[in-house]
Amino acid sequence: MAGGNERSMRALKEVWKRAENSLCADCGKPDPDWASSTLGVFICLSCSGIHRNIPSISKVKSLKMDHWDDAQVQFLAKHGNAVTKATYEAHIPIYYYQPTYNDCQVLREQWIRAKYERKEFTEPGKQPPYYDGVKEGILWKRGRDNGQFLPRKFLLSEREGCLKYFTKQDAKEPKINVKIDVINATFQPEKIGNPNGLQITYLKDNKTRNIFVYHESGKEVVDWFNAIRSVQFHYLKVAFPIASDNEIKNRLTRNFLKEGYMEKTGPKQREAFKKRWFTLDHRRLMYFKDPLDAFAKGEVFVGSRENGYSVQKGLPSGTQGNFSWHYGITIVTPDREYLFTCETETDQLEWIKAFTSVINQAMTPQEYASKCPDAVSFPS
């Protein structure tokens, strides 16, 4: 009996060591140490918890702590991540967002359920519910002034190339009507305080407006997210007919590079530093008095190194403004310097890394055209 166990463990380790099984089949996290004995995939601990919630589809076991019999090991050997992905991920729409281990729970759970439970990607030509070019429904939207979440009707139209929302179900005219190419959407469960919280942003007069929404159903809010990406993709295909699918995919919704609190001072650099919430959305650095503000109080364009932008650790000697945090950052632009302080050295280094990643990228023609002027400086 002991010999049989040892033989099974050796065989299991051989399958486990295959290159195809070195990343979680669902989120890509390195060194997965769980597996599904019914699907034949190697997964990480976090994704195994999601699998455990769909026991009719997947039964998970630890590769280190649980016993695997010969039949189960043979099943893993016959399948593994590559074979299983070839079945369950055979026909993923190019615009569909495939989450990683850095993404929130609702995105990862609905990705796993879409693959294995609903089998959305197994058949060619199968149209998912967010594909048909129109999506209409209720989302709970945070009020701009009172902070209350109230049900609002949203309408997404590929034909019109826009997203609308209405304050009343029977309203004839929308409260907003936003062109699809200026919209971004990113999940923000912690900021919004709801596991299905979604932040929708759009540009108006070259300034960013935030809308915060959620839906009780994780599937529904992820369907809205992918519907926005679908409409964006087809809109951009028409607008840029010679661009490749991958080029267009890279222009769809994006996560913010970095968010968090810093202190800032004004343009004279003699004012007291004030604590504000900052969001770095690629080349747009915005700040807000509150993380859930609808509008930024100020924006700075973060250009490229070849255009005279840089980031420096610390503050210039002789900085006069009073500040309570002592880990400084200086953003140098062709026109002026912007001064910030962080609460911890970790925050400082993370912000510097994020700014450096942007500054080291060459600017595209579109970024030159859309550059928000440095004149949009930081008021108090």
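Anyway, here's the lowdown on the structure attached to this text. Quick caveat, the model's predicted, so the values are computed rather than measured.

## Side note on the pattern of salt bridges
Where charged atoms from two side chains of opposite charge come close, those side chains can pair. Tallying each qualifying case throughout the model produces 19 salt bridges. Among the ionic pairs, R284 bridges to E299, the shortest N-O distance being 2.8 Å. Here E299 lies in strand β14 (residues 298–301) and R284 lies in strand β13 (residues 284–288), a separation of 15 residues in the sequence. E299 shares its class with R284; the two are buried. Measuring nitrogen to oxygen at the nearest pair gives 3.9 Å for the salt bridge that ties K313 to E345. With a gap of 32 residues between them, K313 in strand β15 (residues 310–313) and E345 in helix α9 (residues 345–359) connect regions that are remote in the sequence. Looking at K313, the relative accessible area reads 55%, which means it is exposed. With a relative accessible area of 40%, E345 lands in the partly exposed category. When salt bridges with common partners are traced through the structure, they connect D26, K85, E89 and K115 into a single cluster.

## Observations regarding the packing of aromatic side chains
Aromatic ring pairs are described here by two measures, namely the spacing of the ring centres and the angle between the planes. Counted according to the given criterion, the structure contains 17 aromatic pairs. Within the aromatic cluster, the residues linked to one another by ring pairs are Y96, W111 and F121. The ring of W68 has K61 sitting right over it, with the charged end atom 4.9 Å from the ring centre. Lying across the ring of Y338, R336 places its NZ or CZ 3.8 Å from the centre.

## Some details on unusual backbone geometry
If a residue is not glycine, its phi is most likely negative; likewise, a peptide bond is most likely trans. The phi angle at D31 is positive, at roughly 60 degrees, despite the residue not being glycine. Among the structural elements, D31 can be located in the loop between α1 (2–16) and β1 (34–36). Unlike most non-glycine residues, K119 shows phi in positive territory, near 50 degrees. Here K119 lies in the loop between α5 (105–117) and β4 (134–142). A relative accessible area of 41% means that K119 is categorised as partly exposed.

## Comments concerning the layout of surface pockets
One simple way to see leftover space: roll a probe sized like a water molecule over the atoms. Estimated volume of the second largest pocket: approximately 590 Å³. In terms of lining residues, the second largest pocket is bounded by 16 residues, among which N102, F187, Q188, N255 and F256 are the most central. Breaking the lining of the second largest pocket down by element, the ones donating at least two residues are β8 (183–187), α6 (189–192) and β11 (258–264). The element that contributes the greatest number of residues to the lining of the second largest pocket is α6, accounting for three residues.

## Here we look at the nonpolar core
Among the nonpolar cores identified, the biggest contains 27 residues, and L156, I183, F187, L198 and I200 are the most heavily contacted of them. Those elements that place two or more of their residues in this core are α5, β5 (149–157), β6 (162–166), β7 (176–179), β8, β9 (198–204), β10 (207–214) and α7 (218–239). When residues in this core are grouped by element, the largest group, seven residues, is from α7. Of the domains in this structure, domain 1 (1–117) and domain 2 (134–250) are the two that each give at least three residues to this core. Not counting chain neighbours up to four residues away, the residues in contact with I183 comprise L163, V178, I200, T201, Y202, I228 and Q232. M262, Y338, A354 and F355 belong to the second-largest nonpolar core, a separate cluster that totals 22 residues.

## What to know about empty space enclosed by the protein
Counted according to the given criterion, the structure contains two cavities of 30 Å³ or more. The calculated volume of the largest cavity comes to roughly 50 Å³. The wall of the largest cavity is formed by K141, R142, G143, R144, R209, N210, I211, F212, L292 and A294. Every element with two or more residues in the lining of the largest cavity is listed here: β4 and β10.

## Here's the deal with helix α3 (residues 70–78)
The opening residue of α3 is D69, an N-cap whose side-chain oxygen sits 3.2 Å from the backbone nitrogen of A71. Looking one or two residues beyond α3, the residue adopting positive phi is G80, at roughly 80 degrees.

## Focus: the pairing of β5
Along any regular strand the residues' side chains alternate between the sheet's two faces. Two strands pair when backbone bridges link them, and β4 and β5 are joined in this way by nine bridges, in the antiparallel orientation. Across the sheet, the residue bridging to I138 is K153, located in β5. Counting the residues in the hairpin turn of β4 and β5 gives six residues, including G147, whose phi is positive at 75 degrees. Where β5 meets β6, five bridges bridge the pair, whose relative direction is antiparallel. The partner of S157 across the bridge, within β6, is C162. Between β5 and β6, which follow one another and run antiparallel, lie four residues, and G161 among them has a positive phi close to 65 degrees.

## Considerations on the sheet that holds strand β3 (residues 60–62)
Overall, antiparallel pairing links the three strands, which are arranged β2-β1-β3 in an open sheet. In the strand order of this sheet, the two ends are held by β2 (42–43) and β3, each with one partner.

Here is what the cut-offs are and how they apply
- Residues numbered from 1 in each chain as written.
- Predicted model: local features only at pLDDT ≥ 70, side-chain atom pairs only at ≥ 80, totals over all residues.
- Heavy atoms only, no water.
- Salt bridge = Lys/Arg side-chain N within 4 Å of Asp/Glu carboxyl O.
- Helix = DSSP H or I, 4+ residues; strand = E, 2+ residues; numbered from the N terminus.
- Buried < 20%, exposed > 50% of the residue type's maximum accessible area, 1.4 Å probe, protein only.
- Phe/Tyr/Trp six-rings, centres within 6.5 Å; stacked < 30°, edge-to-face > 60°.
- Lys NZ or Arg CZ within 6 Å of the ring centre and 35° of its normal.
- 1 Å grid on protein atoms, 1.4 Å probe; cavity = no way out; pocket = protein on both sides within 12 Å on 5 of 7 lines; lining within 4 Å.
- Points joined across faces, edges and corners; volume = space filled by probe spheres on them.
- Core = buried A, V, L, I, M, F, W, Y, C linked by side-chain atoms within 4.5 Å.
- Domains from an automatic or database assignment.
- Contact = heavy atoms within 4.5 Å.
- Polar contact = N/O pair within 3.5 Å; in protein donor to acceptor, adjacent residues only side chain to side chain.
- Pairing = 2+ DSSP bridges.

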